[in-house]
Amino acid sequence: MVEMEHIVQKLEQTLGTSLGLKTLNEQESLWLTESMAITSRYGDRLGREESAASSNRHGEKVSSNTTRMVDGAYVHKELGEIWFPVNQQDLSRVLVADSNALTESEIGLVALLLANLQEAPSGAMSKNAAKVEEERRALQLGGWLKERLQAGELLAELPDEMLIRTSLTEEMVPFLLIHESEHAPTPSYKALLRLLRSYFDGDIVLVPLLDKEWIILANQELLGGITTDDKEEASSEADQDLLSLFCMGLYELISTEWVGDFHISAIPAVNALHALPQTVGMLRETMTIGRTFQVKEHIHLSTGLHLERLVYSIPEYQRNQFLREYAAGHTDLFEDSETLSTLESFFELDCNVSETAKHLYIHRNTLLYRLDKIKQETGLDVRSFSDAVLVKITLLLYKVTKRK
């Protein structure tokens, strides 16, 4: 039933007209049976020739005595409808269209489609129906998540009647995928799910949220190497690096397959059956914070944004007040791309002068010159721990304030 409703929707989109599924009563079923016994061709039930003709939506003339006949379609003149039996073995259900809504060729295409569906192997039908049902369940969960998030019910429990519960477990790694492009087409649900399953090498749950936004839930075992059996030996830093590498591979695969700007955020494994709206909220927050402070990055992990998350939570008026008091006249430094890249690399490499110079492909003395220049303009020497902390916080505050 779900599959046929999906087919009707697709036909309506293709033909540009309204169609419907109708369950026949006993009298209507008898009419259809008699019509099929008399003729299997497109025409009225008795095959009478009439000269009256009408125009369809394309302006073409359609009459009951047309010489071009179509199998599998029957006109009920009293109702002004064309009936297409969904199943030749069970005449209680038909696909219905207005008798003037379709051209003769379109009638033939619809009848041929239904005939091919009936001839398809039961296994293929079942597989297709399962895919349609899987997408329906995912859309249902996506709708429920949007409602809970809008209502602020972050700790809401997944309803027992939601059938997708059977696909969720207590340990799943969540990802948020966003596609940004004004012109590139959005990946279809089926195509994206197929690609993700090939990458994860197993079943995953893909949930559409907003337009061009999806939640991906993967069983922890599918992310081989991210966790170890020996919890005592597991390093959180190593886990973060492995998750980052996994996200990078996923990003490369998706961005190669489709045109557009993709971003991925991820957090450690969660119980997908508990407080799922909160998980979505954390993923979105991680995405927002990551894109605020790491403009050039496409991968954003919650485990690498501790200080950024703290700074982001500071009220705006307090951020502005701090910048006025401690960075008055110095914020122009952060507008200079060379100074900005120097500071970011220096902090990223634990204030190591030699490693930073190598990373920037510059001479060590050149780096020292840049650091001295920063000291002259700000009075702060980033080679000193306390001054480095102050500059780092000022840099983060400047980023979030400027980009708000």
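Quantities reported herein were computed from a predicted structural model and do not represent experimental measurements.

1. Here's the deal with the overall build of the chain
Part 1 of the reasoning: A tally of helices and strands in the chain yields 13 helices and 11 strands.
Part 2 of the reasoning: Going through the 404 residues of the chain one by one, you find that 42% of them count as buried.
Part 3 of the reasoning: The long-range fraction of contacts in the chain, counting pairs at least 24 apart against all pairs at least 6 apart in sequence, stands at 65%.
Part 4 of the reasoning: If you sum the accessible surface of the chain, you get close to 22,100 Å²; carbon and sulfur atoms cover 50% of it.

2. Quick notes on the environment of Leu-114
Part 1 of the reasoning: Here Leu-114 is to be found in helix α3 (residues 104–119).
Part 2 of the reasoning: It is 6.5 Å that separates the C-alpha atoms of Leu-114 and Val-86, two residues lying 28 residues apart in sequence.
Part 3 of the reasoning: In this structure Leu-114 touches Met-4, Phe-84, Pro-85 and Leu-95, once residues within four positions along its chain are discounted.

3. A short note on the sheet that holds strand β10 (residues 261–266)
Part 1 of the reasoning: Read from one edge of the open sheet, five strands run β8-β9-β7-β10-β11, paired in mixed fashion. With one partner strand each, in any of the chains shown, β8 (204–208) and β11 (299–301) form the two edges of the open sheet. Along the sheet, successive strands turn relative to each other by an average axial angle of 20 degrees, direction set aside.
Part 2 of the reasoning: As judged from the six bridges shared by strand β7 (residues 172–180) and β10, these two strands associate in the antiparallel manner.

4. Focus on the packing of aromatic side chains
Part 1 of the reasoning: Under the definition given, this model contains seven aromatic pairs.
Part 2 of the reasoning: Between Trp-31 and Trp-83, the aromatic rings sit 5.1 Å apart at their centres with planes inclined by 75 degrees, giving edge-to-face as the arrangement. In this pair, Trp-31 sits in helix α2 (residues 26–38) while Trp-83 sits in strand β5 (residues 81–87), placing the two residues 52 residues apart along the sequence. Each member of the pair Trp-31 and Trp-83 is classed as buried.

5. Remarks on the packing of helix α8 (residues 306–313) against helix α13 (residues 385–402)
Part 1 of the reasoning: For the pair α8 and α13, the least separation of the axes is 10 Å and the interaxial angle reads 60 degrees. One finds that α8 runs oblique with respect to α13. In this structure, α8 crosses over α13, and the sense of that crossing is right-handed. Judged by residue contacts, Leu-307, Glu-308, Val-311 and Tyr-312 of α8 engage Lys-392, Leu-396, Leu-397 and Val-400 from α13.
Part 2 of the reasoning: The residue inventory of the contact of α8 with α13, partitioned by class, reads six nonpolar, no polar and two charged.

6. Some details on helix α5 (residues 189–200)
One turn of the α-helix equals 3.6 residues, which is why residues spaced by three or four share an orientation.
Part 1 of the reasoning: For α5, which comprises 12 residues, the first-to-last C-alpha distance of 16 Å matches the rise-based estimate of 16 Å (1.5 Å per residue) to within 8%.
Part 2 of the reasoning: Three or more residues of α5 are buried, namely Tyr-189, Ala-191, Leu-192, Leu-193, Leu-195, Leu-196 and Phe-200.
Part 3 of the reasoning: Asp-201 sits one or two residues past α5 and shows a positive phi near 60 degrees.

7. Quick word on the side chain of Thr-342
Part 1 of the reasoning: Along the polypeptide, Thr-342 turns up in helix α10 (residues 337–348).
Part 2 of the reasoning: With sequence-adjacent residues up to four places away left out, Thr-342 is seen in contact with Thr-356, Leu-360, Leu-367, Arg-370 and Leu-371.

8. Looking at the confidence of the model for the chain
Part 1 of the reasoning: Looking at the chain, the pLDDT average stands at 81 and 83% of residues meet or exceed 70.
Part 2 of the reasoning: Confidence drops under a pLDDT of 50 for residues 40–58, and excluding neighbours within four residues, the segment shows 61 contacts in the predicted structure.
Part 3 of the reasoning: For residues 227–234, every residue scores under 50 in pLDDT, and the model assigns this stretch four contacts once sequence neighbours within four places are set aside.

9. Describing the nonpolar core
Part 1 of the reasoning: Counting residues in each nonpolar core, the largest one holds 29 residues, and the members touching the most others are Phe-175, Leu-196, Phe-200 and Leu-206.
Part 2 of the reasoning: Of all elements in the fold, only β7, α5, β8, β9 (213–219), α6 (236–257), β10 and β11 reach the threshold of two or more residues within this core.
Part 3 of the reasoning: The dominant element in this core, judged by the number of residues it contributes, is α5, at seven residues.
Part 4 of the reasoning: Contact partners of Leu-196, with chain neighbours within four places excluded, come to Ile-204, Leu-206, Ile-216, Leu-250 and Ile-254.
Part 5 of the reasoning: Within the second largest apolar cluster, 24 residues are counted, among which are Leu-145, Ile-267, Ala-272 and Leu-283.

10. Concerning the pairing of β8
Part 1 of the reasoning: Where burial is concerned, most of β8 is hidden: five out of the five residues are buried.
Part 2 of the reasoning: Burial along β8 is two-sided: the face carrying Ile-204, Leu-206 and Pro-208 and the face carrying Val-205 and Val-207 are both buried.
Part 3 of the reasoning: Bridging between β8 and β9 involves five bridges; their strand directions are antiparallel. By the bridge assignment, Val-207 is partnered in β9 with Ile-215.
Part 4 of the reasoning: Counting the residues between successive antiparallel strands, the hairpin from β8 to β9 contains four residues, one of them, Lys-212, with a positive phi of roughly 65 degrees.

11. With respect to the sheet that holds strand β1 (residues 19–23)
Part 1 of the reasoning: Strand order in the open sheet formed by four strands is β1-β6-β5-β4, and the pairing between neighbours is antiparallel. Here the strands that pair on one side only, and so sit at the sheet edges, are β1 and β4 (74–76). Adjacent strand axes in the sheet meet at a mean angle of 40 degrees, parallel and antiparallel pairs treated alike.
Part 2 of the reasoning: With five bridges connecting them, β1 and strand β6 (residues 90–98) associate as antiparallel partners. Bridging from a neighbouring strand, Lys-22 pairs with Val-94 of β6.

Procedures and definitions
Residues numbered from 1 in each chain as written. Predicted model: local features only at pLDDT ≥ 70, side-chain atom pairs only at ≥ 80, totals over all residues. Heavy atoms only, no water. Helix = DSSP H or I, 4+ residues; strand = E, 2+ residues; numbered from the N terminus. Buried < 20%, exposed > 50% of the residue type's maximum accessible area, 1.4 Å probe, protein only. Contact = heavy atoms within 4.5 Å. Areas by Shrake-Rupley, 256 points an atom, 1.4 Å probe, with all protein chains shown as cover. Pairing = 2+ DSSP bridges. Axes fitted to C-alpha atoms, helices over the stretch in contact; angles between N-to-C directions. Phe/Tyr/Trp six-rings, centres within 6.5 Å; stacked < 30°, edge-to-face > 60°. Parallel < 35°, antiparallel > 145°, perpendicular 65-115°, else oblique. Left-handed = near helix turned anticlockwise from the far one by under 90°. Nonpolar A, V, L, I, M, F, W, Y, C, P; charged D, E, K, R; others polar. Expected span 1.5 Å × (residues − 1). pLDDT = per-residue confidence, 0-100. Core = buried A, V, L, I, M, F, W, Y, C linked by side-chain atoms within 4.5 Å.

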